[in-house]
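Structural features, examined
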Amino acid sequence: MYESWQRCQEQSIHPLSNRTAITLSREEIEAFWQGDSLQRILKPLLLKLKDASMDSGHLVTFCNAAGNIVHLDGDLSLMLKAEDMNFVLGSSWAENRAGTNAIGTSLVTGSPVQVFAAEHFCQEVQKWTCSAAPIRDPATRDILGVFNLTGLWRVYHPHSLSAVISARQTVESCLRNQLEQERFRLTERFSQLVSSVVGSPFLVLDRGGKVINASNMLYEQGWIDNQQNLIGAPPNVRVERAGSDRRQAADDSRFFAGRL
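Presented here is a report on the structure given in the accompanying data block. These figures come from a predicted structure and were not determined experimentally. (Residues numbered from 1 in each chain as written. Predicted model: local features only at pLDDT ≥ 70, side-chain atom pairs only at ≥ 80, totals over all residues. Heavy atoms only, no water.)

1. Here's the deal with the overall build of the chain
Heads up, the condition is: Each helix is a run of DSSP H or I of at least 4 residues and each strand a run of E of at least 2, with the numbering of both proceeding from the N terminus. Any two residues whose heavy atoms approach within 4.5 Å at even a single point are treated as in contact. Here the Shrake-Rupley method, with its probe set to 1.4 Å, supplies the accessible areas, and only the displayed protein chains count as covering residues.
The helix and strand inventory of the chain stands at nine helices and eight strands. Here the contacts in the chain between residues at least 6 apart in sequence split such that 59% fall between residues at least 24 apart. For the chain, the accessible area works out to roughly 13,100 Å², and carbon and sulfur atoms hold 49% of it.

2. Focus on the pairing of strand β1 (residues 59-64)
Inclusion rule: For each residue, the accessible area found with a 1.4 Å probe, counting protein chains only, is set against the maximum for its type, and the residue is called buried under 20%, exposed over 50%, and partly exposed in between. The rule for pairing is simple: two strands pair if DSSP sees at least two bridges between them.
With respect to burial, β1 is a largely interior element, six of its six residues being buried. Side chains L59, T61 and C63 project from β1 onto one buried face, and the interleaved V60, F62 and N64 project onto a second face that is buried too. In terms of strand pairing, β1 meets strand β5 (residues 143-152) through six bridges, oriented antiparallel. Looking at the pairing, T61 lines up with N148 of β5. Relative to strand β2 (residues 69-73), β1 is paired through four bridges, and the arrangement is antiparallel. When the sheet's bridge partners are listed, C63 is paired in β2 with I69. In sequence, β1 turns back onto β2 through a hairpin of four residues, with G67 there showing a positive phi of about 90 degrees.

3. So, the pattern of salt bridges
In a structure, side chains of opposite charge can pair up when their charged atoms sit close to one another. Selection rule: When a carboxyl oxygen of Asp or Glu is within 4 Å of a side-chain nitrogen of Lys or Arg, the pair counts as a salt bridge.
Inspection of the entire model under this criterion finds five salt bridges. The partner of E180 in a salt bridge is R183, with the nearest N and O atoms 3.3 Å apart. Here E180 and its partner R183 are both found in helix α7 (residues 160-196), three residues apart, which amounts to about one turn of the helix. What makes E180 partly exposed here is its relative accessible area of 46%. Between D206 and R183 there is a salt bridge, with the nearest N and O atoms lying 2.7 Å from each other. Residue D206 is found in the loop between β6 (202-205) and β7 (211-214), and its partner R183 is found in helix α7; the two are separated by 23 residues along the sequence. Under the relative-accessibility criterion, D206 is labelled buried at 1%. Among the charged side chains, a network of salt bridges with common partners joins E180, R183 and D206.

4. A few points about the packing of aromatic side chains
The way to describe two aromatic rings as a pair is by their centre distance and the angle between their planes. The test is simple: Two rings from Phe, Tyr or Trp (for Trp, the six-membered ring) form a pair when their centres sit within 6.5 Å of each other. Planes less than 30 degrees apart are called stacked, planes more than 60 degrees apart edge-to-face, and all others tilted.
As enumerated under the stated definition, the model contains six aromatic pairs in all. Here the aromatic rings of W5 and F121 are separated by 5.1 Å at their centres, their planes lie at 80 degrees, and the arrangement is edge-to-face. Residue W5 is located in helix α1 (residues 2-10), and its partner F121 is located in the loop between β3 (113-116) and β4 (128-136); the two are separated by 116 residues in the primary sequence. Note on F32 and W33: the rings are 5.1 Å apart at their centroids and 85 degrees apart in plane angle, and the pair reads as edge-to-face. Using a relative accessible area of 10% as the deciding quantity, one classes W33 as buried.

5. Describing the sheet that holds β3
Filter applied, for reference: Axis angles are defined between N-to-C directions and span 0 to 180 degrees, where every axis is a line fitted to C-alpha atoms and, for a helix, only to the segment in contact.
Spatial ordering of the open sheet is given by β2-β1-β5-β4-β3, a layout of five strands whose pairing is antiparallel. Each having just a single partner strand, β2 and β3 make up the two edges of the open sheet. When the angles between neighbouring strand axes are averaged without regard to direction, this sheet yields 15 degrees. As paired elements, β4 and β5 share nine bridges and run antiparallel to each other.

6. Here's the deal with helix α2 (residues 26-35)
Along an α-helix, residues three or four positions apart point the same way, because every turn accommodates 3.6 residues. Condition: Arc definition: directions from the helix axis to the C-beta atoms.
Those residues of α2 not exposed but buried are I29, F32 and W33. Buried residues of α2, viewed axially, fall in a sector of 90 degrees; they line one side. Opposite the packed face of α2, turned more than 90 degrees from it, sit the exposed residues E27 and Q34.

Here it is in C-alpha cells:
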C-alpha cells in the first residue's frame with residue numbers, strides 16, 4: 001500500500017476527508033446497465049455474491065471502469081452505515097478521489113487488491129475492509145469494471161478476496177469464449193473473401209487489433225509481426241476492424257472484413 005499512499009499524497013488527498021463525491025446520477029447508472037453487454041453475465045454473479053455475503057456481513061458492489069458504483073446490494077443496516085462515507089450508488093471510489101481503497105487501487109494496479117482497515121488512506125474508511133478484482137476485456141485488455149466486497153473490519157472474512165477473484169475469472173472466461181466465437185466468424189469471412197476475389201490481398205482484425213487471418217504476401221512483406229500485430233502497410237491501404245463494441249462485434253458480420 002506504500003505506493004498507493006504516495007500517490008494519494010502527490011494528488012493532495014486529505015486523510016481526514018470523510019465523504020467521496022457522487023459523480024453518476026440514477027439516470028446515468030440505468031444507462032450503463034441498459035447499454036452494457038456484460039449485464040447478462042454480471043447479474044447472476046452479483047446475486048450469487050449477495051447470497052454468500054449476507055452471512056459474512058459484506059456489501060456487494062460493482063463499479064464501472066472509472067471506479068463509480070453502479071451496483072450496490074446487501075444488508076440494509078450495513079448500507080446505512082456505509083452512507084457515512086458516501087459509499088452509495090453513483091459515488092466515485094477512484095483512488096484519486098477517495099484515497100487508497102480496494103476499488104480505486106485495483107483500477108490503478110490492474111490487479112486484485114484487499115485493503116484492510118487502517119491501510120485505507122482516509123480515516124473514515126478505516127472502519128472498513130474491502131476486496132476488489134478488476135475485469136479485463138481479453139481482446140483489448142481494457143478494464144471493464146470491478147467486483148468489490150466491503151464490510152466492517154471487525155467482520156473481516158479471509159475468503160472475500162478469493163470470492164471477487166472467482167467472479168472476475170468467471171466473467172473473463174465467458175468473454176474469452178465470446179472472443180473465440182468472434183474470431184471463428186472472422187476466419188469464415190476471410191475464407192469467403194479469399195475465394196471470391198482472386199489476386200486481392202485481405203486481412204481481418206479482431207476488436208483488439210490482432211490479425212486473425214491475412215494473405216501470405218502481407219506476412220512476406222513484413223507487415224505483420226510474430227505476435228499477429230499489424231506493424232506496417234502501404235500508404236494506400238484501407239483496413240477495417242471488427243466492431244469495437246463486444247455485442248456488435250459478436251452479432252454483426254459487416255465488421256469482419258478488411259481489404260487491402
